[in-house]
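# Chain and residue survey
Read off the chains here:
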Number of protein chains: 2
Amino acid sequence: MGYVKWSYSVLEHFCHDVFRAFGFDETQSKEIEDVLLTADLFGIESHGMQRMVRYHKGIEKGTIHPLAKPEVVFETPVSAVIDGHNGMGQLISIYAMKKAIEKAKTSGIGMVSVRNSNHFGIAGYYAKMASDEGLLGMACTNSEAIMVPTFGKKAMLGSNPIAVAMPAEPYPFLFDCSTTVVTRGKLEMYNKMEKPLPEGWALDKDGKESTDAPDVLSNIVAKRGGGIMPLGGNKEVNGSHKGYGYGMLCELFSSILSQGVTSDKCCTFKDKTGICHGFIAVNPAIFGNPEEIKRHFSEYLEALRESPKADGAERIYTHGEKEVLAKKDRLENGIQVNDNTMAELANLCEYLKLDFNSYFKGYQLQKDSKFFEGNY
Amino acid sequence: MGYVKWSYSVLEHFCHDVFRAFGFDETQSKEIEDVLLTADLFGIESHGMQRMVRYHKGIEKGTIHPLAKPEVVFETPVSAVIDGHNGMGQLISIYAMKKAIEKAKTSGIGMVSVRNSNHFGIAGYYAKMASDEGLLGMACTNSEAIMVPTFGKKAMLGSNPIAVAMPAEPYPFLFDCSTTVVTRGKLEMYNKMEKPLPEGWALDKDGKESTDAPDVLSNIVAKRGGGIMPLGGNKEVNGSHKGYGYGMLCELFSSILSQGVTSDKCCTFKDKTGICHGFIAVNPAIFGNPEEIKRHFSEYLEALRESPKADGAERIYTHGEKEVLAKKDRLENGIQVNDNTMAELANLCEYLKLDFNSYFKGYQLQKDSKFFEGNY
């Protein structure tokens with residue numbers, strides 16, 4: 001499998017036309033493409049152009065309703081519950097995080113829980129919306145069940161990422177991680193490379209550890225059992241119950257407080273996924289001088305980066321640093337898209353009657369490109 | 001090393017007299033002993049009677065100031081910053097969580113960040129204070145540096161536990177875990193048993209994986225380098241950066257928002273530890289009918305417990321279940337205290353001029369009991 005590089009503007013132009021063709025207006029299209037391309041700029045390739053197929057298939061199948069509008073169904077000065085009515089996850093989530101930010105600016109804290117949404121892309125995008133406004137931000141989402149609880153053999157939680165962002169110098173703290181040991185995207189990568197999975201990642205249909213990527217993935221798609229381990233693996237001795245617990249916290253702020261669909265039932269419906277999100281924004285000014293808090297935090301982050309390295313290690317990162325480095329690189333050197341994804345984009349162009357070659361000039365589709373068999 | 005069992009009332013009587021002798025009043029003594037003995041009842045032996053020596057030594061050395069009173073130094077309707085003035089961690093924390101609960105009841109959410117406190121025992125105690133009142137509760141604390149950040153060799157974060165509790169039937173959800181793969185207490189247990197550490201737990205002074213408990217512990221005490229890995233180990237492939245990130249979230253809500261002492265500097269002072277905490281209480285009623293939310297959550301917890309077990313596994317737990325089972329057992333069958341801890345309690349009685357034998361009738365101190373060499 002090969003890669004091709006495209007400039008940010010080529011991909012932006014393409015995405016914009018795609019979402020306009022799906023029926024989204026100018027503003028909506030810009031919002032969706034910004035979430036998608038930020039993932040690619042941050043080096044989180046699994047959640048950028050690679051995921052376009054998921055939105056394509058979701059709209060085609062009818063689990064994403066492009067014309068739906070999010071509705072506030074419960075509200076207080078510090079909170080809201082939003083019903084997404086199965087619209088596009090990115091649009092619902094930007095709306096919801098804006099509401100959390102507005103509440104944090106007027107009341108100090110805003111907590112918003114969302115039900116009946118769809119995949120929202122990278123959680124970090126929404127957490128960063130808050131830190132861009134000088135606030136502490138949190139975003140999380142549940143999703144189709146893929147995490148097997150400690151001692152179980154059936155996936156009952158999603159990859160359930162939690163992201164937290166906080167203003168700092170020279171760049172914000174941005175933590176954005178699934179609560180599984182890895183995401184499904186990583187398993188798909190190993191599958192495409194035809195390599196065995198690293199130990200401590202996945203379980204077969206009987207709940208036993210497995211390094212067989214095609215088997216694990218096909219079991220997940222067919223819901224035969226097995227899945228990905230929580231952060232900490234599948235044994236208590238390495239903290240499996242902790243990763244499982246963080247997955248539960250994600251569920252709490254998304255599907256529980258909104259009274260939405262829990263991960264064990266997400267993506268089992270014909271006309272919706274039922275995916276739920278949680279968003280929190282906190283104004284640091286409710287704890288003191290925000291500039292002093294920011295300085296205090298920045299000093300600690302600097303101390304971490306400057307602390308002694310393990311033998312053989314070159315650098316200690318703080319969270320959000322890699323994203324800043326990746327963005328600089330991608331804007332200068334282009335965004336890598338793999339040949340399989342290019343085939344998916346060609347298929348999308350056919351569906352929407354867009355001219356693939358007018359966007360991706362000179363690119364030849366690879367004959368051996370395969371579509372990944374997934375649930376969208 | 002052997003064990004002896006005592007009834008709850010024997011230990012309660014002993015603890016009460018100890019804290020009265022240290023100068024705490026009736027109410028204060030009851031508060032401290034309840035936090036301590038709840039750890040033993042919950043089966044978290046490392047944080048119960050075993051930790052008495054830490055409070056004894058802290059008061060003796062002057063890092064815990066028994067007469068100090070917590071002071072609110074910043075406050076809004078949804079938040080507060082408290083300076084603990086280096087008092088007893090349990091008293092400061094009960095005071096702080098009560099304030100968060102009060103704010104959650106009037107404003108929907110209460111967030112309290114605390115600086116200049118001391119070890120507060122189990123984080124879960126304070127989270128549960130909120131769930132006992134029908135609220136979602138969160139508690140976290142930083143502590144003496146023991147977690148080595150990914151690619152580092154010097155401990156820069158504490159074991160940084162995060163606890164979250166939420167009302168549910170038949171018992172509340174109660175998640176309470178360090179963000180390191182294990183706590184120092186577990187290393188101490190392996191040291192006492194003279195067994196090698198499990199793989200994936202600890203690092204030597206050069207940042208290389210080590211299973212040598214005495215070496216790792218003596219390096220920690222002497223601050224020569226090394227320590228415990230974050231949840232997820234010391235490699236990105238198993239999610240080391242995730243555990244390190246959760247440790248950072250703990251730091252954010254404790255030492256950063258309160259502008260207190262970060263873990264890398266905690267316990268390096270003569271007259272204080274500088275330990276910081278964070279407490280959050282959220283009223284589920286700001287999201288809808290609390291009873292419906294509770295029912296929805298309880299159903300999901302039940303589905304998790306009833307989901308198919310891995311081959312060879314007998315039971316899937318939800319967080320907080322083991323604590324309920326342990327409490328029932330300890331109240332019926334007594335609380336186990338090891339012989340080394342008994343020697344520490346005898347030493348404490350000598351210091352406070354209390355009659356050890358009047359509490360622990362018929363117990364013979366073991367001649368080979370050793371005190372653990374630690375930093376208190």
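Preceding this section is the structure that the text describes.
Residues numbered from 1 in each chain as written. Chains lettered and ligands numbered in written order. Predicted model: local features only at pLDDT ≥ 70, side-chain atom pairs only at ≥ 80, totals over all residues. Heavy atoms only, no water.

A word on the sheet that holds strand 10 (residues 227-228) of chain A. All names here are of chain A. With antiparallel pairing, three strands are arranged side by side in an open sheet as 9-8-10. Each edge of the open sheet carries a strand with a single partner, namely strand 9 (209-210) and strand 10. Pairing of strand 8 (residues 202-203) with strand 10 involves two bridges; the strand directions are antiparallel. Residue pairing across strands places Leu 203 opposite Gly 227, the latter belonging to strand 10. (Pairing = 2+ DSSP bridges. Helix = DSSP H or I, 4+ residues; strand = E, 2+ residues; numbered from the N terminus.)

By size, the foremost hydrophobic cluster in this structure holds 74 residues, and its most contacted members are A:Met111, A:Met248, A:Phe297, B:Met111, B:Met248 and B:Phe297. Filtering out sequence-adjacent residues up to four positions away, B:Phe297 remains in contact with A:Met248, A:Leu252, A:Ile256, B:Met166, B:Pro167, B:Ala168 and B:Phe173. (Core = buried A, V, L, I, M, F, W, Y, C linked by side-chain atoms within 4.5 Å. Buried < 20%, exposed > 50% of the residue type's maximum accessible area, 1.4 Å probe, protein only. Contact = heavy atoms within 4.5 Å.)

Further remarks concern the interface of chain B and chain A. Across the contact, 89 residues belong to chain B and 88 residues belong to chain A. Counting the surface lost from both chain B and chain A, the interface buries some 7,200 Å², and carbon and sulfur atoms represent 70% of this. Broken down residue by residue, the surface that chain B buries against chain A is led by B:Tyr246, B:Phe287 and B:Tyr300, which jointly contribute 11%. Between the two partners, chain B and chain A, sit six salt bridges. For the salt bridge of A:Lys153 with B:Asp311, the shortest nitrogen-to-oxygen distance reads 3.9 Å. Along the contact surface separating chain B from chain A lie 31 residue pairs in polar contact (both at pLDDT 80 or more). The dominant element in the side of chain B that touches chain A, judged by the number of residues it contributes, is helix 8 (residues 240-256) of chain B, at 13 residues. Residue classes in the side of chain B that touches chain A are distributed as 46 nonpolar, 29 polar and 14 charged. (Buried area = accessible area lost by both parts, 1.4 Å probe. Salt bridge = Lys/Arg side-chain N within 4 Å of Asp/Glu carboxyl O. Polar contact = N/O pair within 3.5 Å; in protein donor to acceptor, adjacent residues only side chain to side chain. Nonpolar A, V, L, I, M, F, W, Y, C, P; charged D, E, K, R; others polar.)

Superposition of chain B onto chain A requires a rotation of 180° combined with a translation of 0.0 Å along the rotation axis, giving an RMSD of 0.0 Å. Given the turn and translation reported, the copies of this chain are related as if by a two-fold rotation axis. The position closest to the rotation axis in chain B is occupied by the C-alpha of B:Gly232, lying 2.5 Å away. Taken together, the interface assignments show that 99% of the residues at the interface of chain B recur at the interface of chain A, consistent with an identical surface on both copies. (Least-squares fit on C-alpha atoms with pLDDT ≥ 70 in both.)

Residues and elements named next belong to chain B. Inspection of the secondary structure puts Lys 98 in helix 4 (residues 89-107). Residue classification places Lys 98 among the partly exposed residues on the basis of a relative accessible area of 46%. For Lys 98 and Met 129, which are 31 residues apart along the polypeptide, the C-alpha to C-alpha distance reads 8.1 Å.

A rise of 1.5 Å per residue sets the reference length of helix 8 of chain B, with its 17 residues, at 24 Å; its end C-alpha atoms lie 22 Å apart and thus fit the reference within 8%. Most of helix 8 of chain B is tucked away, with 16 of its 17 residues classed as buried. (Expected span 1.5 Å × (residues − 1).)

Moving on, we come to the pairing of strand 4 (residues 109-117) of chain B. Residue and element names in this part refer to chain B. Here strand 4 lies mainly inside the structure; eight of its nine residues are buried. As paired strands, strand 3 (residues 79-83) and strand 4 are joined by five bridges and run parallel to one another. Its bridge partner lying in strand 4, Ser 79 is registered against Met 111. Between the parallel elements strand 3 and strand 4, the chain passes through helix 4 in a crossover that is right-handed. In terms of strand pairing, strand 4 meets strand 11 (residues 275-282) through seven bridges, oriented antiparallel. Each residue of the ladder has a partner; that of Gly 110, found in strand 11, is Ala 281. (Right-handed = clockwise from strand over helix to strand, strands pointing away.)

Moving on, we get to the environment of B:Ile44. Residue and element names in this part refer to chain B. Here Ile 44 shows up in the loop between helix 2 (26-41) and helix 3 (52-61). According to the relative accessible area criterion, Ile 44 is partly exposed, its value standing at 22%. Each C-alpha atom, one on Ile 44 and one on Val 282, is 26 Å from the other, the two residues being 238 residues apart in sequence.

As a further point, take the sheet that holds strand 10 (residues 227-228) of chain B. Residue and element names in this part refer to chain B. Here we have three strands laid out as an open sheet, ordered 9-8-10, and antiparallel in their pairing. The strands lining the two open edges of the sheet, one partner per strand, are strand 9 (209-210) and strand 10. Pairing of strand 8 (residues 202-203) with strand 9, which is carried by two bridges, proceeds in the antiparallel orientation. Considered in strand 9, the bridge of Ala 202 is made with Ser 210.

The next subject is the pattern of salt bridges. One pass over the full model with this rule turns up 40 salt bridges over all chains. The salt bridge partner of B:Glu75 is B:Lys99, with a shortest N-O separation of 3.3 Å. Taken together, the residues B:Glu75 in strand 2 (residues 71-76) and B:Lys99 in helix 4 connect sequence positions 24 residues apart. Here B:Glu75 falls in the partly exposed class, since its relative accessible area comes to 43%. For B:Lys99, a relative accessible area of 12% gives the class buried. The partner of B:Glu302 in a salt bridge is B:Arg305, and the shortest N-O contact between them spans 3.2 Å. Of the two residues, B:Glu302 and B:Arg305 are both situated in helix 9 (residues 290-306); the distance of three residues between them amounts to about one turn of the helix. Exposure remark for B:Arg305: the relative accessible area of 10% places this residue in the buried category. When salt bridges with common partners are traced through the structure, they connect A:Glu144, A:Arg184, A:Glu188 and A:Lys223 into a single cluster.

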